[in-house]
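# Residue-level structure breakdown
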Amino acid sequence: MQVIDRSIKVLARQYPETFIKLVLGKDTGWEYQTLENPEINIPEKRLDFVYEIEQNDNKYLLHLEFQLRHEKEVPARIFKYSAYLTESYRLPVIPVVIYLEKRNYRRLPDAYIVEVNNKVVSCFTYQVIKLWEYEQDIAGGKLKELAPLLVLLKDNRDMALLEHTRKLILEEKDIKRRADSLSVAISVAERYFDREVLLNIFREEFKMLLKESSFVQEWYNEGLQKGLRDGMEKGLAEGLERGLEKGLEKGLAKGRIEALRDSILDVLEERFGVLRSGIGKKLEEIDDSAALKSLFKMSLKVNSLEEFEKILGQV
């Protein structure tokens, strides 16, 4: 989830108008500013994304939480975050959960409910957005700023989808935004496509990505940057392409590890229902792809969630 989480935050920072429109409709009368690294201090938590929005002298906090999949603790978490945000910033909060990857949910909760003796004694509601319900608007260009996420929203993922995603992104006039959106598209698509496919589709954009995308720069360590500089001494074009390919390889390798973690969680969720958060946290501590592949095989064979947790504890 970390790659997806980092990717979606890039888009939220680049296109606040689009996300505000997604949540609040077509009204364009909102003024806004992004709250950088919003924290809530009771206890301290780092939130996904928060805008301060204003209309007719009324101010609100628009809090977006991005979920690749539903987790059992989401309703309670949104309830607590909203309370903490209200306390920290003294502004009313509009809480929204945006689900990113298309799944066949029977129902997604939109409230944190406390019941006593089958009677509801407290109910906190929040807005739920299933991003795949906006797939036609994104693919058709109405919300083209979200094009890097198209691969998450489709049942059938193929080369044509990647080409269409690339075409929509290239319509962006601002080179910096275009570069970051291309980087996000590559990072997200790595969940479903091999590295060679992505390198082939986006090869023409390599030079721009390396020069303009702040997102791509996060894929490099000091040794890789030195290798790029050495390559540039032999020729700028050759060095740029070699450097970006190495950067992509490093970034995509991280993405493959996260995809393995997500695949394990998907299998366990499908077989045993909503998972306890501790399993995901334990998987995030494992960076060895061989170990994760072994755990994936075990997730298909175990007879219970408890049996898998026992195996996980031995890794």
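Analysis parameters
Residues numbered from 1 in each chain as written. Predicted model: local features only at pLDDT ≥ 70, side-chain atom pairs only at ≥ 80, totals over all residues. Heavy atoms only, no water. Helix = DSSP H or I, 4+ residues; strand = E, 2+ residues; numbered from the N terminus. Buried < 20%, exposed > 50% of the residue type's maximum accessible area, 1.4 Å probe, protein only. Contact = heavy atoms within 4.5 Å. Areas by Shrake-Rupley, 256 points an atom, 1.4 Å probe, with all protein chains shown as cover. Expected span 1.5 Å × (residues − 1). Polar contact = N/O pair within 3.5 Å; in protein donor to acceptor, adjacent residues only side chain to side chain. Pairing = 2+ DSSP bridges. Axes fitted to C-alpha atoms, helices over the stretch in contact; angles between N-to-C directions. Core = buried A, V, L, I, M, F, W, Y, C linked by side-chain atoms within 4.5 Å. pLDDT = per-residue confidence, 0-100. Arc of directions from axis to C-beta. Salt bridge = Lys/Arg side-chain N within 4 Å of Asp/Glu carboxyl O. Parallel < 35°, antiparallel > 145°, perpendicular 65-115°, else oblique. Left-handed = near helix turned anticlockwise from the far one by under 90°. Nonpolar A, V, L, I, M, F, W, Y, C, P; charged D, E, K, R; others polar.

### Notes on the overall build of the chain
If you tally the helices and strands in the chain, you get 15 helices and 9 strands. Taken across its 315 residues, the chain has 47% of its residues classed as buried. The contacts in the chain between residues at least 6 apart in sequence include a share of 66% that link residues at least 24 apart. In the form shown here, the chain has an accessible surface area of approximately 16,400 Å², with 45% of it arising from carbon and sulfur atoms.

### Considerations on helix α7 (residues 175-189)
End to end, α7 covers 21 Å across 15 residues, agreeing with the expected 21 Å (1.5 Å per residue, within 8%). When we look at burial in α7, the residues that qualify are Arg-178, Ala-179, Asp-180, Ser-181, Leu-182, Ser-183, Val-184, Ala-185, Ile-186, Ser-187, Val-188 and Ala-189. One side-chain oxygen of the residue at the start of α7 lies 3.0 Å from the amide nitrogen of Lys-176, identifying that residue as Asp-174.

### Brief notes about the sheet that holds strand β9 (residues 127-130)
Across the sheet, 5 strands lie side by side as β1-β4-β5-β6-β9; this open sheet has mixed pairing. Both outer strands of the open sheet, β1 (31-34) and β9, are each paired with one neighbouring strand and no more. Within the sheet, the average angular offset between the axes of one strand and its neighbour, ignoring direction, is 25°. In terms of strand pairing, β1 meets strand β4 (residues 49-55) through 4 bridges, oriented antiparallel. Of the residues in β4, the one forming a bridge with Tyr-32 is Ile-53.

### Overview of the nonpolar core
Core analysis: the biggest nonpolar cluster contains 55 residues, and Phe-19, Leu-64 and Ile-98 have the highest contact counts within it. Apart from the residues lying within four places of it in its own chain, the contact partners of Ile-98 are Phe-19, Leu-22, Leu-64, Glu-65, Phe-66, Gln-67, Ile-129 and Leu-131.

### Some details on the confidence of the model for the chain
Looking at the chain as a whole, the pLDDT averages 80, with 78% of positions reaching at least 70. In this model, residues 219-229 is a region of pLDDT below 50 whose contacts with residues beyond four sequence positions or in other chains number 23 contacts. For residues 232-237, every residue scores under 50 in pLDDT, and the model assigns this stretch 2 contacts once sequence neighbours within four places are set aside.

### A short note on helix α15 (residues 305-312)
Here α15 has its buried residues at Leu-305, Phe-308 and Leu-312. All buried residues of α15 fall inside an arc of 60° around its axis, so they share one side.

### A look at unusual backbone geometry
For Asp-57, which is not a glycine, the phi torsion comes out positive at approximately 65°. As for its placement among the helices and strands, Asp-57 is situated in the loop between β4 and β5 (58-67). One non-glycine residue with positive phi stands out, namely Asn-117, at about 55°. Following the sequence through the fold, Asn-117 ends up in the loop between β7 (111-116) and β8 (119-125).

### Digging into the pattern of salt bridges
Side chains that carry opposite charge are capable of pairing whenever their charged atoms lie near each other. As enumerated under the stated definition, the model contains 15 salt bridges in all. Note that Glu-73 and Arg-77 form a salt bridge whose closest N and O atoms lie 4.0 Å from each other. Given a relative accessible area of 16%, Arg-77 falls into the buried group.

### Here's the deal with the packing of helix α6 (residues 159-170) against α7
Two numbers describe how α6 lies on α7: the axes approach to 9 Å, and their chain directions differ by 160°. By the angle class used here, α6 and α7 are roughly antiparallel. Considering how the two elements wind past one another, α6 and α7 form a crossing that is right-handed. Facing α6, whose interface residues are Leu-162, Thr-165, Ile-169 and Leu-170, α7 presents Arg-178, Ser-181, Leu-182, Ala-185 and Ala-189. The residue inventory of the contact of α6 with α7, partitioned by class, reads 6 nonpolar, 2 polar and 1 charged.

### A look at the environment of Leu-61
Locating Leu-61 in the fold gives a position in strand β5. Spatially, the C-alpha atoms of Leu-61 and Leu-35 are 9.1 Å apart, while their sequence positions differ by 26 residues.

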